[in-house]
Every structure is written in structure tokens, then in C-alpha cells.
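What follows is each chain in one-letter form.
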Amino acid sequence: MTIIKSAALAALTILIPSIAFAAGGNLEPNDPVGITFWLISIAMVAATVFFLMESLRVSGKWRTSLIVGGLVTLVAAVHYFYMRDVWVSTGQSPTVFRYVDWLITVPLQMIEFYLILAACTAVAMGVFWRLLVGTVIMLLGGYLGEAGFINATVGFVIGMAGWAYILYEIFAGEAGKVAADEAPESVKSAFSLMRWIVTIGWAIYPLGYFFGYLAGGVDDNSLNLIYNVADVVNKIGFCLAIWAAATSESEAKA
Ligand SMILES: *C/C=C(C)/C=C/C=C(C)/C=C/C1=C(C)CCCC1(C)C
């Protein structure tokens, strides 16, 4: 308990100065995309504090899931400060920061699928590794396409293939089977909500890519607006689904 409390405090002490340092930049009133970068930076900080604090309240087996959730929003918060700065000072897409963020936060979310199953039943580590392979293919294709190293359409197709592989694993693969057969109700409902977030919520990103790169020229405004909205659903919403399962399970036991 003391360790968890000190970890939460350490995270907060890192966050607060990072907010102070990154608070520069000129936010123009007629820059809605810049305003979403600001709003989401702060929402990610608030979500981090919430998930870390709530991790102290849930029963032991759920604690790691909530801490990992807090890490997802912490990593995103820090990247949002940097991305907002790139956007307000150059008006360009912060592509590299965006992908560095995804490269850390998406695997952490894949660990969540594993963790919530492992909290209630025996599940093979292979589940996580397969989800990780899908993630890397998806993000590598997208990055090479967005950064112009390969043709944007080819990058899109590779990215879609990686995503399809993740969907296969969580719906029809081992993860999906374990969740359907062995998990208690609360985990089943969290798993199913997380699965739909990965299907519907994640679909917003390829749409952003499509409207940003493929539908006639690069449109930085719509690309960033779409990616930003997607991150609220897919990071804060995703972790809230886990939080809901964790608190309802913990209260049922208390
Ligand atoms: C917190 C960040 C998350 C959950 C980011 C997820 C990103 C994706 C699901 C990206 C998907 C893409 C495709 C499916 C194809 C085109 C390229 C991408 C990378 C935009």
C-alpha cells in the first residue's frame, strides 16, 4: 500500500512541473484544433490522478489494471503537452510525438486485456505477444505512410492488416475464448466493452488517416481533430471501462 501511494505521489510530482513548463505557446481563439490539444492535455492529467487514486481503493487483483490505466493517461498527458506545442507554434501535425505516444500507450492497453483476464483465470502470455505483434504492424504501417517513407495507401493497407489481426485475437482467438468461457460477469462485460472500443473507437483513427491523407491531399486540421477526439474515447473511455469493472467487482466482494 505504501509503495503504491508513494508511486502515485511520485507521478504527481513529475506531472505538476511538466504542466508548468509546457504551459507556453500562443493559443489563438480561432484555433479549435489547438483548443482540443489543450483540453485533452488537462483531461489526461485529471484522468491520471483519478485512476492512480482509485487503484488504492479496489481489491488487490484489480490494482495493477488501474495503475496501468493511469500510466496510459500519464504517457498521453506528457505527449499532449508536446504535441500541443508543435501545433500552436508551427501549425503542423505532430506526427512523430503522436506515434511515439501510440507506440507506448497501445501496447499498455493490450496488456490490459491480458491483465483483466489474468485477474480472474489462467491465461497464456502468448495472448499479449500476439496483440503486441498486431500493434507493431498497425503502427509501423501507419507511421511509414504518414511520414512519407512509403506510399500513403500502402501504409494504410499494412496498418489495417495489423488492426484486423488484433480484432481477430480479441473476438475469435484465445483471448476472446478465455473471456467467454472462464471470466466472471464483471470481467466479461468489461472485456466486451473494451473490445467494442477497439472496434468502433479505434475505427476513428483510420478515418482520420483517410481524410487526412487519402481523400485528396493532406488536411492537418481534420486529421488532428479526429485523432484528438479518438484519444479521449480510446484512452480515458477505455480505462473507465476497466475502472467500472474493478469497482463493481470490489464492492460486490466487500
Ligand atoms: C491511445 C492511442 C490509440 C488507442 C491509438 C490507436 C491507433 C490506431 C488504432 C491506428 C490505426 C491505423 C490504422 C488501422 C490504419 C491506418 C494507420 C493507423 C495507424 C492510423
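Up top is the structure.
Residues numbered from 1 in each chain as written. Predicted model: local features only at pLDDT ≥ 70, side-chain atom pairs only at ≥ 80, totals over all residues. Heavy atoms only, no water.

A. The arrangement of a nonpolar patch on the surface in detail. Together, V133, I137, V154, I158 and Y165 make up an exposed nonpolar region whose accessible area comes to about 380 Å². Elements represented by at least two residues in the nonpolar patch include exactly α5 (126-146) and α6 (152-171). Here the element with the most residues in the nonpolar patch is α6; it accounts for three residues. Mapping Y165 onto the fold places it in helix α6. (Patch = residues over 30% accessible without salt bridge, like charges linked within 9 Å, V, L, I, M, F, W, Y side chains within 5 Å. Areas by Shrake-Rupley, 256 points an atom, 1.4 Å probe, with all protein chains shown as cover. Salt bridge = Lys/Arg side-chain N within 4 Å of Asp/Glu carboxyl O. Helix = DSSP H or I, 4+ residues; strand = E, 2+ residues; numbered from the N terminus.)

B. Geometry of the packing of α5 against α6. Contact geometry of α5 with α6 gives a least axis separation of 7 Å together with a crossing angle of 165°. By the angle class used here, α5 and α6 are roughly antiparallel. Relative to α6, α5 is oriented so that their crossing is left-handed. Between α5 and α6, the contacting residues are V127, R130, L131, G134, T135, I137, M138, G141, G142 and G145 on the first element and A152, G155, I158, G159, G162, W163, Y165, I166, E169 and I170 on the second. Class assignment of the residues belonging to the contact of α5 with α6 gives a composition of ten nonpolar, eight polar and two charged. (Axes fitted to C-alpha atoms, helices over the stretch in contact; angles between N-to-C directions. Parallel < 35°, antiparallel > 145°, perpendicular 65-115°, else oblique. Left-handed = near helix turned anticlockwise from the far one by under 90°. Contact = heavy atoms within 4.5 Å. Nonpolar A, V, L, I, M, F, W, Y, C, P; charged D, E, K, R; others polar.)

C. Expanded view of the pattern of salt bridges. Applying the stated rule across the entire model yields seven salt bridges. Residues E169 and R130 are paired through a salt bridge, measuring 2.9 Å at the closest nitrogen-oxygen approach. Of this pair, E169 sits in helix α6 while R130 sits in helix α5, and the two are 39 residues apart along the sequence. When its relative accessible area of 2% is taken as the criterion, E169 is described as buried. Members of the salt-bridge network, linked through shared partners, are R98, D101, D231 and K235. (Buried < 20%, exposed > 50% of the residue type's maximum accessible area, 1.4 Å probe, protein only.)

D. Just the environment of N234, in detail. Inspection of the secondary structure puts N234 in helix α9 (residues 220-253). When the C-alpha positions of N234 and T121 are compared, they lie 25 Å apart, and in sequence the two are 113 residues distant. For N234, the contacting residues outside a window of four places in its chain are Q109, I197, G201, W202 and Y205. Within the structure, the side chain of N234 is placed 3.1 Å from the backbone oxygen of G201, a separation counted as a polar contact. At 2.8 Å, the side chain of N234 and the backbone oxygen of A230 are in polar contact. (Polar contact = N/O pair within 3.5 Å; in protein donor to acceptor, adjacent residues only side chain to side chain.)

E. Structural detail: α5. Taking 1.5 Å per residue, 21 residues should reach 30 Å; α5 reaches 30 Å between its end C-alpha atoms and fits that length. Every buried residue of α5 is accounted for by V127, F128, L131, L132, G134, T135, M138, L139, G141, G142, G145 and E146. Phi turns positive one or two residues past the end of α5, at G148, with a value near 85°. (Expected span 1.5 Å × (residues − 1).)

F. Structural context of the packing of α6 against helix α7 (residues 174-182). Remark: α6 packs on α7, axes separated minimally by 4 Å, with the N-to-C direction vectors making an angle of 25°. Viewed along their axes, α6 and α7 adopt a mutual orientation that is roughly parallel. Where α6 abuts α7, its residues E169, I170 and F171 lie against E174, A175 and G176. Looking at the contact of α6 with α7 residue by residue, the class counts come to three nonpolar, one polar and two charged.

G. Region of the structure containing the packing of aromatic side chains. Tallied over the full model, the rule gives 18 aromatic pairs. Aromatic side chains F37 and W87 sit 6.1 Å apart centroid to centroid with 35° between the ring planes, which places their arrangement in the tilted category. Residue F37 is located in helix α2 (residues 32-54), and its partner W87 is located in helix α3 (residues 60-90); the two are separated by 50 residues in the primary sequence. On the basis of relative accessible area, F37 is assigned to the buried category, the value being 0%. When the centroid spacing of 5.0 Å and the interplanar angle of 70° are considered together, the rings of W102 and Y227 count as edge-to-face. Placement of the pair is W102 in helix α4 (residues 95-118) and Y227 in helix α9, with a sequence separation of 125 residues. The same class applies to W102 as to Y227, namely buried. Site record: aromatic cluster; members linked through ring pairs are Y99, W102, Y143, F149, Y205 and Y227. Cation over ring: R84 sits above W38, and NZ or CZ is 4.1 Å from the ring centre. (Phe/Tyr/Trp six-rings, centres within 6.5 Å; stacked < 30°, edge-to-face > 60°. Lys NZ or Arg CZ within 6 Å of the ring centre and 35° of its normal.)

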